[in-house]
There are 2 protein chains.
Amino acid sequence: MTASIAKTFYPPHRVLMGPGPSDVPSRVLDAISRPTLGHLDPVFADMMEELKGLLRYAFNTRNAVTFPVSGPGSVGMETCFVNLINPGEKVIVCRNGVFGGRMIENVERCGGIAVVVEDAWGKAVDPNKLADALKAHPDTRIVAFVQAETSTGALSDAKTLCEIARRHGCLTIVDAVTSLGGSPLMVDEWGIDAIYSGSQKCLSCPPGLSPVSFSDAAVAKIKARPKKAQSWFMDLNLVLGYWGGGGGAPRTYHHTAPTNSLYGLHESLVILQEEGLEKAWARHTRNHLAFRAGLENLGLNFLVDEAHRLPQLNSVFIPQGVDEKALRKTLLDEHRLEIGAGLGDFAGKVWRFGLMGHSSRIENVVYCLNALEAVFTAGGMKLERGAAVAAAHQIYAAQAQTEIAS
Amino acid sequence: MTASIAKTFYPPHRVLMGPGPSDVPSRVLDAISRPTLGHLDPVFADMMEELKGLLRYAFNTRNAVTFPVSGPGSVGMETCFVNLINPGEKVIVCRNGVFGGRMIENVERCGGIAVVVEDAWGKAVDPNKLADALKAHPDTRIVAFVQAETSTGALSDAKTLCEIARRHGCLTIVDAVTSLGGSPLMVDEWGIDAIYSGSQKCLSCPPGLSPVSFSDAAVAKIKARPKKAQSWFMDLNLVLGYWGGGGGAPRTYHHTAPTNSLYGLHESLVILQEEGLEKAWARHTRNHLAFRAGLENLGLNFLVDEAHRLPQLNSVFIPQGVDEKALRKTLLDEHRLEIGAGLGDFAGKVWRFGLMGHSSRIENVVYCLNALEAVFTAGGMKLERGAAVAAAHQIYAAQAQTEIAS
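All of these numbers come straight from a predicted model, not from anything done at the bench.

Engineer: How should I be thinking about the pattern of salt bridges in this particular structure?
Structural biologist: Where charged atoms from two side chains of opposite charge approach closely, those side chains can pair. Across all of its chains, the model carries 40 salt bridges over all chains by this definition. Between Arg361 of chain A and Asp23 of chain A there is a salt bridge, with its nearest N and O atoms 3.0 Å apart. One end of the pair, Arg361 of chain A, is in the loop between β13 (350-354) and α13 (362-378); the other, Asp23 of chain A, is in the loop between β1 (15-17) and α1 (26-32), and 338 residues separate them in sequence. We classify Arg361 of chain A as partly exposed; its relative accessible area is 23%. Judged by relative accessible area, which is 8%, Asp23 of chain A ranks as buried. Among the salt bridges present, the one from Lys129 of chain A reaches Asp119 of chain A, with a minimum N-O distance of 2.9 Å. A residue pair is termed long-range when its members are at least 10 positions apart, and Lys129 of chain A in helix α5 (residues 127-136) and Asp119 of chain A in the loop between β4 (113-118) and α5 qualify at ten residues. Owing to a relative accessible area of 35%, Lys129 of chain A belongs among the partly exposed residues under this scheme. For Asp119 of chain A, a relative accessible area of 10% gives the class buried. Residues joined in a network through salt bridges with shared partners are Glu105 and Arg109 of chain A together with Lys228 and Asp235 of chain B.

Engineer: I would appreciate a short explanation of helix α6 (residues 158-167) of chain B in the present structure.
Structural biologist: All names here are of chain B. The set of residues buried in α6 consists of Ala158, Leu161, Cys162, Ile164 and Ala165. When α6 is viewed along its axis, its buried side chains cluster within an angular range of 160° and face the same direction. Within two residues after α6, Gly169 carries a phi angle of roughly 70°, on the positive side.

Engineer: Sorry, what's going on with the sheet that holds strand β9 (residues 194-196) of chain A here?
Structural biologist: As a general point, the strands of a sheet are linked pairwise by backbone hydrogen bonds and lie either parallel or antiparallel. Residues and elements named next belong to chain A. The strand order across the open sheet built from seven strands is β2-β10-β9-β8-β5-β3-β4, with neighbouring strands paired in mixed fashion. Two strands close off the open sheet at either side, each with one partner strand: β2 (65-69) and β4. Taken pair by pair, the neighbouring strands of this sheet meet at an average axis angle of 15°, ignoring direction. Bridging between β2 and strand β10 (residues 210-214) involves five bridges; their strand directions are antiparallel. Of the residues in β10, the one forming a bridge with Val65 is Phe214.

What counts and what doesn't
Residues numbered from 1 in each chain as written. Chains lettered and ligands numbered in written order. Predicted model: local features only at pLDDT ≥ 70, side-chain atom pairs only at ≥ 80, totals over all residues. Heavy atoms only, no water. Salt bridge = Lys/Arg side-chain N within 4 Å of Asp/Glu carboxyl O. Helix = DSSP H or I, 4+ residues; strand = E, 2+ residues; numbered from the N terminus. Buried < 20%, exposed > 50% of the residue type's maximum accessible area, 1.4 Å probe, protein only. Arc of directions from axis to C-beta. Pairing = 2+ DSSP bridges. Axes fitted to C-alpha atoms, helices over the stretch in contact; angles between N-to-C directions.

So, to be careful, I would describe these as geometric facts and stop short of saying anything about function.
What follows is the structure in structure tokens.
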């Protein structure tokens, strides 16, 4: 049983431009290393309340039930499904990538009946298909879709999809893992009933927490469940005793909250509030446009149409003849730069470049374009030296002009 | 939606002597603040492998399937039940406190049939009652019990209970949340099939991770499940694709691992390995004996019989006439000392003093006894000044003599 003698682990520095985790600012790393408090300490409880308020700001909601689930985004997803689906209920899932597929798994494991609306990977969810499916299945109770598909970089029109669902009397479950903090997201205005996200994308925390928010209608359905949720850990009727549903009742022990991780999420949201949500969205777009100019200069083509492209997740086709695994290894080993591989049908066909949260910076755009030029050139491609970065700089310069003019 | 402007959260320092989290050493806090790596980075994967080895050391097992679940102890618990119980199966749960009760909840939500063996809170599980229940229910498939009841501080005889279960052809699920690293625990020697723990007790990490280990027999049962586990997130048949079951297959993405929290767990296990497991157990006993002498000198009586008392969790009856809530508030506000309240039937009747992991130190023993003397004296109790600490020091001195003599 004796392990070979292990030593302290010192991770190398990386530039994180994959699909998450993103670069974590030192303020957040400092926050998570502060002294651990008891999970029932009144000082910690005050921090929890502030954290809920900050998440309401990020989600654009007044929902009382807004808090971070003590687990990664997949636990946030499962928390939504496990609480909102009663066995035998019909749920329409719009699938246009990996995470829609995971939603189907969740529906089925909760004893729900999944009706799948399919769109091609890399396309946005088609609202007309959803409307047709709702007409064909008038007994549908819930509509679930991914606003920002991390597997492809496609952005779907959450506002329209929620409108259609509401018109048919359905509640909505929305995956905002990659959108929260990076793209417009208006939980109340759009009428989203249950939403989950992750800490490690545009919020730039380490992974491990999943912010969620539930509308009053969703909470009412959960409170009226005829049968307990199948998960004890995720049962909101229990979890809310600890996080509080807004009623001011005293906190009761449910599970031990991940104190230090929560310090980090708090700090990342303080940073977001300092910048301002709209400015953070604009920054993600600005860096995306510059990066895009550089990628196109390198001859790379985007997977997703311009109209549905997520600024924070850039999927491009891999040029023919490139050994993509070897190239990613070189980027990681020699440039300390992580980029994302393709998933599912797009494995080996696309790369995914994240410009999320703290990774959405001019430094990263320039660094990555330079690194790509270097590895492509080393691989025999004929490229004009410095042209990709120059293309990006042109966009930045034009943006600066526009800002001065406006 | 605008939150009032929030600022960086600076938690105060506390001395953590409740039922967990325990004091986190600065080496662990430093570790979790190191640069975030991608969860598929090969350097991170090497750390994961080392972490599995370190957990095998702590659990005293050669089980291939030994890893930390990405969630608090309650997720570790649910992972065991969700994977091992097939709907309709009979499970004997021995309940002698809060966490046995939670096991029953888990069994029922998984569609199992719970047969409950009851022992009074504060008592160890009675092996004879388990043997009788197994005779009365020969179709039982699983026996579940808590080795170290955090709600009372009672230690049950895991070795004997597992022997009885095995004799009746049952698999065992054991809660070792409070025992791992603090009390003898021999997963292989005792034939435990599934075990879960927490990071924030005797391992002295921040809360949020749950080490688990599964025997080959447990893994075989999980792989042969006729029906998928009801939880997608906790489904070991999927999770193991990422953490690896020991077969050397390439890692596949399941969920995004909580990278920085895992750095912390790794470091806490490196510290445990440096000290040596047996020496850590002995340290927990040594500090408990000194603390006990001090508590008894203050006139406090233990809830649990000496034979079944956990050294890392000391439950004592609250003296009559003491406003226990006010006293805990004074300890927290004026002495920065957290101690634990009673749970369930013992709410308002006992306090729980944790001496877990890094909190099991002479400094904490002395500091806590002094603080108790101060608040008791302020409350009007007549105590000989310094006597409690002196009683503890006498024990330490006697222990030192014994060590020199041996």
